[in-house]
Structures are given as C-alpha cells and as structure tokens.
Amino acid sequence: VQAWREVVDRYPESTRGWINLGVSLREQSNLPGAISAFESALRVDGGEAVALSNLGMLLADAPPPFRDAPRATRLLQRAADLAPQLAPPRYNLGLVAHRASQAARRARE
C-alpha cells in the first residue's frame, strides 16, 4: 500500500496508480480507502473501465453500510459498455443480477 501511496502522491494523475492503490487497500479490507482510491482514478479518467469494474464489484460485495447494488450495477454496466472486450464487467453484472434475483425470491417467500 505504501508504495502505491507514494506513486499517487508523486503522480496524482496516474489512473493506474489509483487503481492499484484501491486494489491493495481492498485486499487489506480497508473499504473506505479502496472506494476513495477507485473514485480518485475515475476523477482522473471517468471512462477507465478497470476502475469502474473494480469499484462496482467492491460496492456489490461490500458489507453494509458500503454495499450499494444499484450503483454497482450502473458502474459495471458502464465498464461493460466502454470496454466490451473485458470479461470481468459482464461476468460481474451477471453475478450482481443473480444475487438481486435470489434476494427478491427470498423476500417473496
């Protein structure tokens, strides 16, 4: 994490630096920090599909109060639209939709 913090301190316009910092923070279960890092990457480049996908999955998988399935779906859809050659956004969109379907079915039972 420290190395990526140094990268973004030195190169704040480094989208890749912000994404890698976000991934590192997520791996350490620092969800607020990871969300902030992915959002920083998107402030640098709002069309960065990898940042959109990473933030989308983080928000889909996170425990409350960080979980935000509707925003996750929007982010993942945007990533899939911007980079149709990338498999993770499409796969993760399906995963989020499946989870929502299961939750709706459990709510009806």
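Read on for a plain summary of the structure. Computed from a predicted model, the values in this text were never measured in an experiment. (Residues numbered from 1 in each chain as written. Predicted model: local features only at pLDDT ≥ 70, side-chain atom pairs only at ≥ 80, totals over all residues. Heavy atoms only, no water.)

### What about the packing of helix 4 (residues 49–61) against helix 5 (residues 69–82)?
Line of reasoning, step 1. At a closest axis distance of 8 Å, the pairing of helix 4 and helix 5 adopts a crossing angle of 155°. It follows from the interaxial angle that helix 4 and helix 5 lie roughly antiparallel. Note on packing geometry: the crossing formed by helix 4 with helix 5 is left-handed. Contacts from Ala49, Leu52, Ser53, Leu55, Gly56, Met57, Leu59 and Ala60 in helix 4 reach Arg71, Ala72, Leu75, Leu76, Arg78, Ala79 and Leu82 in helix 5. (Axes fitted to C-alpha atoms, helices over the stretch in contact; angles between N-to-C directions. Helix = DSSP H or I, 4+ residues; strand = E, 2+ residues; numbered from the N terminus. Parallel < 35°, antiparallel > 145°, perpendicular 65-115°, else oblique. Left-handed = near helix turned anticlockwise from the far one by under 90°. Contact = heavy atoms within 4.5 Å.)

### Observations concerning helix 6 (residues 87–108)
Line of reasoning, step 1. Over its 22 residues, helix 6 runs 32 Å from end to end, which matches the ideal 32 Å to within 8%, given 1.5 Å per residue.
Line of reasoning, step 2. Turning to helix 6, its buried residues are Pro89, Asn92, Leu93 and Val96. What you see down the axis of helix 6 is that its buried residues fit within an arc of 110°, all on one side. Residues Ala87, Tyr91, Arg106 and Arg108 are exposed on helix 6 and point more than 90 degrees away from its buried face.
Line of reasoning, step 3. Tucked inside the fold, the buried residues of helix 6 contact helix 4 and helix 5. (Expected span 1.5 Å × (residues − 1). Buried < 20%, exposed > 50% of the residue type's maximum accessible area, 1.4 Å probe, protein only. Arc of directions from axis to C-beta.)

### Regarding the nonpolar core
Line of reasoning, step 1. One finds Trp18, Leu21, Phe38, Leu55, Leu58 and Leu59 to be the most contacted residues of the largest nonpolar core, which totals 29 residues.
Line of reasoning, step 2. Secondary-structure elements contributing two or more residues to this core are helix 2 (15–27), helix 3 (31–44), helix 4, helix 5 and helix 6.
Line of reasoning, step 3. With 8 residues, the top contributor of residues to this core is helix 4.
Line of reasoning, step 4. Residues contacting tryptophan 18, with those up to four places away along its chain left out, are Val8, Pro12, Ala37, Ser40, Ala41 and Val44. (Core = buried A, V, L, I, M, F, W, Y, C linked by side-chain atoms within 4.5 Å.)

### Points about the side chain of asparagine 54
Line of reasoning, step 1. Summarising the element assignment, asparagine 54 is placed in helix 4.
Line of reasoning, step 2. Overall, asparagine 54 belongs to the buried group, its relative accessible area being 15%.
Line of reasoning, step 3. Apart from residues lying up to four places away in sequence, asparagine 54 is in contact with Ile19, Val23, Arg26 and Phe38.

### So, the side chain of glutamate 48
Line of reasoning, step 1. In this structure, glutamate 48 sits in the loop between helix 3 and helix 4.
Line of reasoning, step 2. We note that glutamate 48 is buried and unpaired, the nearest opposite charge coming from arginine 16 at a distance of 4.3 Å.
Line of reasoning, step 3. Setting aside residues no more than four positions away along its own chain, glutamate 48 makes contact with Thr15, Arg16, Ile19 and Leu42. (Lys, Arg positive; Asp, Glu negative; His and termini not counted. Salt bridge = Lys/Arg side-chain N within 4 Å of Asp/Glu carboxyl O.)

### Thoughts on the environment of tryptophan 18
Line of reasoning, step 1. Looking at the secondary structure, you find tryptophan 18 in helix 2.
Line of reasoning, step 2. Separated by 2.8 Å, the side chain of tryptophan 18 and the backbone oxygen of proline 12 make a polar contact. (Polar contact = N/O pair within 3.5 Å; in protein donor to acceptor, adjacent residues only side chain to side chain.)

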